[in-house]
Amino acid sequence: MTGQPGRTGRGGGQAGAGDLLALVRTGRATTRGALQQATGLSRATVGQRLDRLFRAGWLREGAGGPVDSPLGGRPSITLEFDDAHAVVLTADLDTRHARAAVLSLTGEILAEHAGPLAVEDGPDTVLGELGGWFAELLEKAGRGAHEACGIGLAVPGPVDSETGLVVQPPIMPGWDGYDIRSRLSRAFTQHTGAAPVPVLVDNDANLMAYGEQRTGYRDCSAFVLVKVSTGIGAGVVVGGEIFRGVDGGAGDIGHIRVGSEALCRCGSHGCLAAVASGGAVARRLAEAGVPAASGSDVRDLLAAGHPGAAALAREAGRQVGDVLATVVTLLNPGVLMIAGDLAGTSFLTGVRELLYQRALPRSTARLDVVTSRLGDRAGLLGAGAMVVEHLYAPARVEERLLALGV
């Protein structure tokens with residue numbers, strides 16, 4: 001008996017092992033019978049392709065499911081993605097500090113570290129340091145370096161997703177066009193002795209948005225996250241996928257002109273980030289005699305209830321809300337999330353004041369304006385999800401299985 005053409009196969013061909021794995025991972029088909037029905041493959045062909053996934057250690061059998069037949073019989077054995085066979089390494093760079101973690105393939109944090117790390121020290125130094133962090137975190141998590149299947153990195157600048165290169169980043173001096181992927185892969189190998197692993201790089205707001213949307217808002221088809229820290233950037237997730245634009249520049253709202261003469265770090269005058277970012281608020285506080293040098297300092301002042309910081313944060317929120325009225329009218333998202341150092345009550349109040357005043361009522365009728373659920377971990381989880389979705393995409397699965405000899 002031969003199988004029918006696989007209905008979920010790529011390029012019109014039969015469904016391969018990667019397609020079966022995708023069906024199991026997403027929960028769309030979790031038994032052999034359901035896989036046959038979803039793909040049109042014969043029982044024997046499904047069995048052969050599942051055998052490859054079992055030998056790779058990527059699938060396991062779970063508990064028996066319900067008996068579908070009215071005549072009874074043995075329950076169907078369910079299939080599960082085995083998230084214990086590998087781990088993912090992730091890091092999220094800010095201007096003055098960083099956070100790194102070891103994650104399971106389903107996003108559980110197994111070990112985590114945060115500490116000072118300044119992007120202005122340059123990519124060679126920063127990425128070399130991250131390699132050391134990863135080695136220590138793997139030991140802390142009790143996992144071997146050979147178990148790491150990939151690295152995901154979030155950076156505070158625009159990234160060309162095809163090349164992984166940072167493109168003219170205003171707050172990352174020395175990083176423009178630098179080969180981050182190769183350097184971080186080498187650093188991992190130097191500190192662990194393990195073979196090189198794939199490295200994926202994306203903008204921090206993109207990955208924060210991806211992490212938040214996948215974790216708490218999977219049913220939201222248009223999701224926008226705005227990160228307000230040292231700079232200002234937005235991440236957009238449409239249909240479950242990050243929207244990056246043609247070369248990674250989508251969401252760079254911090255450099256929209258707002259009519260001010262303030263000098264921005266990008267060299268232009270009047271950018272939103274120059275008047276409403278955490279860095280801009282810190283400068284205004286410092287001018288008033290309040291010790292503040294960065295967005296994180298402003299966050300600490302807000303947490304302590306400093307009235308001057310709260311007033312300036314609300315004013316900054318109004319300026320950002322004015323720009324977001326256009327963003328919301330253009331994209332019509334279901335969720336607008338505010339994240340970063342200024343994502344507190346004062347800033348959010350200011351955003352809402354101008355957003356609802358300036359945006360069309362239809363654009364905001366079904367809009368939820370919220371703050372981050374994942375906090376400082378959003379970028380880490382988004383980076384991990386990016387790596388897993390890349391490595392376990394159907395076409396990539398076929399390549400990896402062949403490389404493993406199964």
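Our subject is the structure listed above.
Residues numbered from 1 in each chain as written. Predicted model: local features only at pLDDT ≥ 70, side-chain atom pairs only at ≥ 80, totals over all residues. Heavy atoms only, no water.

With respect to the pairing of strand β4 (residues 97-104)
Worth spelling out the cut-off: The rule is simple: take the accessible area with a 1.4 Å probe, protein chains only, and divide by the maximum for that residue type; under 20% is buried, over 50% is exposed, in between is partly exposed. Counting from the N terminus, the helices are the DSSP runs of H or I reaching at least four residues and the strands are the DSSP runs of E reaching at least two. In this scheme, strands are said to pair when DSSP sees at least two bridges between them.
For β4, the buried fraction is high: six of the eight residues fall into the buried class. Note: strand β3 (residues 87-93) against β4, seven bridges, orientation antiparallel. In the strand pairing of β4, Thr-90 is matched with Ala-101. Taking the residues that link successive antiparallel strands as the turn, the β3-β4 hairpin has three residues. When β4 meets strand β5 (residues 109-116), the two strands line up antiparallel, connected through seven bridges. Across the sheet, residue Ala-100 finds its bridge partner in β5, namely His-113. Between the antiparallel neighbours β4 and β5 lie four residues, among them Gly-107 with a positive phi of about 95°.

Brief notes about the sheet that holds β4
Within a beta sheet, neighbouring strands are joined by backbone hydrogen bonds and run either parallel or antiparallel to one another. Note the following rule: Axis lines are fitted to C-alpha atoms, over the contacting stretch for helices. Their N-to-C directions set the angle, which ranges from 0 to 180 degrees. The contact rule is simple, with two residues in contact once any of their heavy atoms fall within 4.5 Å.
Pairing is mixed across the open sheet formed by five strands, whose spatial order is β5-β4-β3-β6-β9. In this open sheet, the two edge strands, each paired with only one partner strand, are β5 and β9 (199-203). Taking each pair of neighbouring strands and ignoring which way they run, the sheet shows an average axis angle of 15°. Helix-sheet contacts for helix α6 (residues 204-216) involve β3, β6 (148-155) and β9, and the interaxial angle to β9 is about 95°.

Digging into the nonpolar core
The tendency in soluble globular proteins is for nonpolar side chains to be buried side by side. Operational definition: Definition used in this section: a nonpolar core is a set of buried Ala, Val, Leu, Ile, Met, Phe, Trp, Tyr and Cys residues joined via side-chain atoms within 4.5 Å.
Residues Val-226, Ile-232, Leu-285, Leu-324, Leu-336, Phe-347 and Leu-355 are the most contacted members of the largest nonpolar core, which totals 38 residues. At the level of elements, β10 (222-228), β11 (232-238), α7 (272-276), α8 (278-287), α9 (295-303), α10 (307-331), β13 (335-339) and α11 (345-358) are the ones that each hand at least two residues to this core. For this core, the leading source of residues is α10, giving ten residues. Beyond its immediate sequence surroundings of up to four residues, Leu-355 is in contact with Gly-321, Leu-324, Ala-325, Val-328, Leu-336, Leu-367 and Val-369.

Here's the deal with the sheet that holds β13
Pairing within the open sheet is mixed, and its five strands lie in the order β12-β11-β10-β13-β14. Strands with a single pairing partner mark the edges of an open sheet, and in this sheet they are β12 (241-242) and β14 (368-371). Bridge count between β13 and β14: four bridges; the pairing is parallel. Counted as the bridge partner of Met-337 is Val-370 from β14.

Here we look at the packing of helix α1 (residues 17-25) against helix α3 (residues 43-56)
Which entries qualify depends on this criterion: Should an angle fall under 35 degrees it is called roughly parallel, over 145 degrees roughly antiparallel, and 65 to 115 degrees roughly perpendicular, with every other angle called oblique. Gly is put with the polar residues, along with every residue not named as nonpolar or charged; the nonpolar set is Ala, Val, Leu, Ile, Met, Phe, Trp, Tyr, Cys and Pro, and the charged set is Asp, Glu, Lys and Arg.
Relative to each other, α1 and α3 sit at 80°, their axes nearing to 9 Å. It follows that α1 is roughly perpendicular to α3 by the angle criterion. Across the interface between the two elements, Ala-17, Leu-20 and Leu-21 of α1 pack against Val-46, Arg-49, Leu-50, Arg-52 and Leu-53 of α3. Here the contact of α1 with α3 is composed, by residue class, of six nonpolar, no polar and two charged.

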